Amino acid sequence: MLTVLNKGNEMINQELINRCNEFIDKEVGVSSWVEVTQDMTNEFGRSTDDVDPNHMDPEWASRNSPFGQTISYGFWTLSMLSTMCYDISFQQNIMDSFGKNYPINYGLEKVRFISPVPVGAKIRCRMIHQSVEFKGAGRYLFKSKNTIEIEGQEKPALTAEWLYMLVFSGVDGHNVEV
């Protein structure tokens, strides 16, 4: 069960905000490159019941696709934000510095799919911290701008602002409402 910080720990609130405010509008990291494989693409297509040959059939795509080959699903590329942002470690460093807490996905804003990602390409995420806001009861809303780049291409695969709520647990036994 998630709980809130007690009043005695309120000073953590401003300390966390002050530390994060030092990074506003600054790049906080770049993930490692991840190679997009046909197996990854096929697994995503099967798990979402979207078996589009533009993504899953290399022979069909080479003959019929305007891209000349299979491309990853846009939503698969977007879903890679989780692992890529974890690789960047900004969120993890904040979590480790401020006690018992857990990040909860709060949503996305301004998602734009800019360029298709060819199977076989490598992608990575570039993260810029945008804001943190104390929401009360041990909750902090973070926002970051994320750009997923394609190795060797000028235009990125996508951009997205990601919101997550960092929820602290304390000792007073109150439930946290997200």
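Just so you know, these numbers come straight off a predicted model, no measurement behind them.

### So, the confidence of the model for the chain
Line of reasoning, step 1. For the chain, mean pLDDT is 83; residues scoring 70 or higher make up 79% of the total.
Line of reasoning, step 2. Considering each helix and strand of the chain separately, the mean pLDDT is smallest for helix α7 (residues 90–97), with a value of 62, and largest for helix α4 (residues 58–64), with 97.
Line of reasoning, step 3. Taken together, the stretch residues 1–7 has pLDDT below 50 and engages in 29 contacts with residues farther than four places along the chain or on a different chain.
Line of reasoning, step 4. Across residues 171–176, where pLDDT falls below 50, the model places 19 contacts with residues more than four positions away in sequence or in other chains.

### Here's the deal with helix α6 (residues 81–88)
Line of reasoning, step 1. Inspection of α6 places L81, M84, C85 and I88 among the buried residues, and these make up the whole buried set. End-on, the buried residues of α6 take up no more than an arc of 95 degrees, which puts them together on one face.
Line of reasoning, step 2. In the segment just after α6, S89 is the residue with positive phi, at about 75 degrees.

### Section: the packing of aromatic side chains
Line of reasoning, step 1. This structure, assessed with the given rule, holds four aromatic pairs.
Line of reasoning, step 2. Aromatic pair F134 and Y140: ring centres 5.1 Å apart, planes at 50 degrees, arrangement tilted.
Line of reasoning, step 3. Note on F134: relative accessible area 28%, which makes it partly exposed.

### Quick look at unusual backbone geometry
Line of reasoning, step 1. Its identity is not glycine, yet D25 carries a phi of approximately 65 degrees, on the positive side.
Line of reasoning, step 2. Assignment of secondary structure puts D25 in the loop between α1 (11–21) and β1 (26–30).
Line of reasoning, step 3. The exposure class assigned to D25 is exposed, which follows from its relative accessible area of 59%.
Line of reasoning, step 4. With a phi angle near 60 degrees, D49 is a residue other than glycine that sits in the positive phi range.
Line of reasoning, step 5. Within the secondary structure, D49 is located in the loop between α2 (38–47) and α3 (53–56).
Line of reasoning, step 6. With a relative accessible area of 70%, D49 lands in the exposed category.

Reading guide: rules and limits
- Residues numbered from 1 in each chain as written.
- Predicted model: local features only at pLDDT ≥ 70, side-chain atom pairs only at ≥ 80, totals over all residues.
- Heavy atoms only, no water.
- pLDDT = per-residue confidence, 0-100.
- Helix = DSSP H or I, 4+ residues; strand = E, 2+ residues; numbered from the N terminus.
- Contact = heavy atoms within 4.5 Å.
- Buried < 20%, exposed > 50% of the residue type's maximum accessible area, 1.4 Å probe, protein only.
- Arc of directions from axis to C-beta.
- Phe/Tyr/Trp six-rings, centres within 6.5 Å; stacked < 30°, edge-to-face > 60°.

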